[in-house]
Amino acid sequence: MATLSEGADEDVLEVELDRAAEEMEEQEWLTRRRDAEVRKLPLIEKWVSEADEGRPAMLERYEYSRRASFKSSAMKRLITELSGGTVDDESVIVVRGIAKLFVAELVELASDIRDAADPRSAITPAHLTDALNQMPAKTSCGARKRSKFWR
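Because the structure is predicted, anything quoted here is derived from the model rather than measured.

### As for the overall build of the chain
Stage number 1. Within the chain, the secondary structure is distributed over five helices and zero strands.
Stage number 2. Secondary structure elements of the chain, listed N to C terminal, follow the sequence α-α-α-α-α.
Stage number 3. Counting the 151 residues in the chain, one finds 10% classified as buried.
Stage number 4. Taking the contacts inside the chain whose residues are at least 6 apart along the sequence as the reference set, 40% of them involve residues at least 24 apart.
Stage number 5. Working note: accessible area of the chain is about 12,600 Å², and carbon and sulfur atoms make up 58% of it.

### What about helix H3 (residues 72-83)?
Stage number 1. With 12 residues, H3 should reach 16 Å at 1.5 Å per residue; the first-to-last C-alpha distance of 16 Å fits that figure.
Stage number 2. Phi for Gly84, located one or two positions after H3, is positive at around 80°.

### Considerations on the side chain of Arg114
Stage number 1. Inspection of the secondary structure puts Arg114 in helix H4 (residues 89-117).
Stage number 2. Owing to a relative accessible area of 12%, Arg114 belongs among the buried residues under this scheme.
Stage number 3. In this structure the side chain of Arg114 is engaged in a polar contact, spanning 3.1 Å, whose partner is the side chain of Ser111.
Stage number 4. Dropping the residues within four chain positions of it, Arg114 is found in contact with Pro119, Ser121, Ala122, Ile123 and His127.

### Description of the packing of H3 against H4
Stage number 1. One can describe the packing of H3 onto H4 by two numbers: an axis separation of 10 Å at closest approach and a directional angle of 100°. With respect to their mutual orientation, H3 and H4 come out roughly perpendicular. Contacts from Ser72, Met75, Lys76 and Ile79 in H3 reach Asp89, Val92, Val95, Arg96 and Ala99 in H4.
Stage number 2. Classifying every residue of the contact of H3 with H4 gives five nonpolar, one polar and three charged.

### Some words on H4
Residues lying three or four places apart along an α-helix face the same way, a consequence of the helix completing one turn every 3.6 residues.
Stage number 1. Across its 29 residues, H4 extends 42 Å between first and last C-alpha, which sits within 8% of the 42 Å expected from 1.5 Å per residue.
Stage number 2. Within the span of H4, buried status applies to Val92, Ala99, Leu106, Leu109, Ala110, Ser111, Ile113 and Arg114.

### Re a nonpolar patch on the surface
Stage number 1. Side chains of Phe70, Phe102 and Val103 sit close together on the surface and give an oily, nonpolar patch of about 210 Å² of accessible area.
Stage number 2. Within the fold, Phe102 resides in helix H4.
Stage number 3. Owing to a relative accessible area of 32%, Phe102 belongs among the partly exposed residues under this scheme.

### A closer look at the confidence of the model for the chain
Stage number 1. Mean pLDDT over the chain stands at 79; residues scoring 70 or higher make up 78%.
Stage number 2. Within the chain, H3 carries the highest mean pLDDT (91), whereas helix H2 (residues 56-67) carries the lowest (75).

### Examining the side chain of His127
Stage number 1. Turning to its location among the elements, His127 is positioned in helix H5 (residues 125-138).
Stage number 2. Other than its neighbours up to four places away in sequence, His127 contacts Ala110, Ile113, Arg114, Ser121 and Ala122.

Cut-offs applied
Residues numbered from 1 in each chain as written. Predicted model: local features only at pLDDT ≥ 70, side-chain atom pairs only at ≥ 80, totals over all residues. Heavy atoms only, no water. Helix = DSSP H or I, 4+ residues; strand = E, 2+ residues; numbered from the N terminus. Buried < 20%, exposed > 50% of the residue type's maximum accessible area, 1.4 Å probe, protein only. Contact = heavy atoms within 4.5 Å. Areas by Shrake-Rupley, 256 points an atom, 1.4 Å probe, with all protein chains shown as cover. Expected span 1.5 Å × (residues − 1). Polar contact = N/O pair within 3.5 Å; in protein donor to acceptor, adjacent residues only side chain to side chain. Axes fitted to C-alpha atoms, helices over the stretch in contact; angles between N-to-C directions. Parallel < 35°, antiparallel > 145°, perpendicular 65-115°, else oblique. Nonpolar A, V, L, I, M, F, W, Y, C, P; charged D, E, K, R; others polar. Patch = residues over 30% accessible without salt bridge, like charges linked within 9 Å, V, L, I, M, F, W, Y side chains within 5 Å. Salt bridge = Lys/Arg side-chain N within 4 Å of Asp/Glu carboxyl O. pLDDT = per-residue confidence, 0-100.

If you want it as structure tokens, here you go:
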């Protein structure tokens, strides 16, 4: 039969094992995060070198897009309206990221369309509309259905 101190020792041991496991998970997360940052460095250096070679507008767009984000509350409200149910925070983060990628592709395609017409002009709503119409054919976003509103 176990004594009271043996049971207490087992509880202390279990708590220490749990704490050690949490520390290991945290160290693994930090290692993965550091590895991801190291993998990003060559890509960022490439973009900076391209900017130095005469593409400052591209670097400027990259910096703006990196800082830009959709409001979480507005995105959550939109997703809730479209889905008709409740939405958790993780889903909102995913949809915000996808929306940001979509807008980045749209602006890049609009920039290409603008460059074909007049490289010195700014991107106009007409360029964005043309880019949106060309997106299914030129990007990985897939086909989209036209809204009756725009017909």
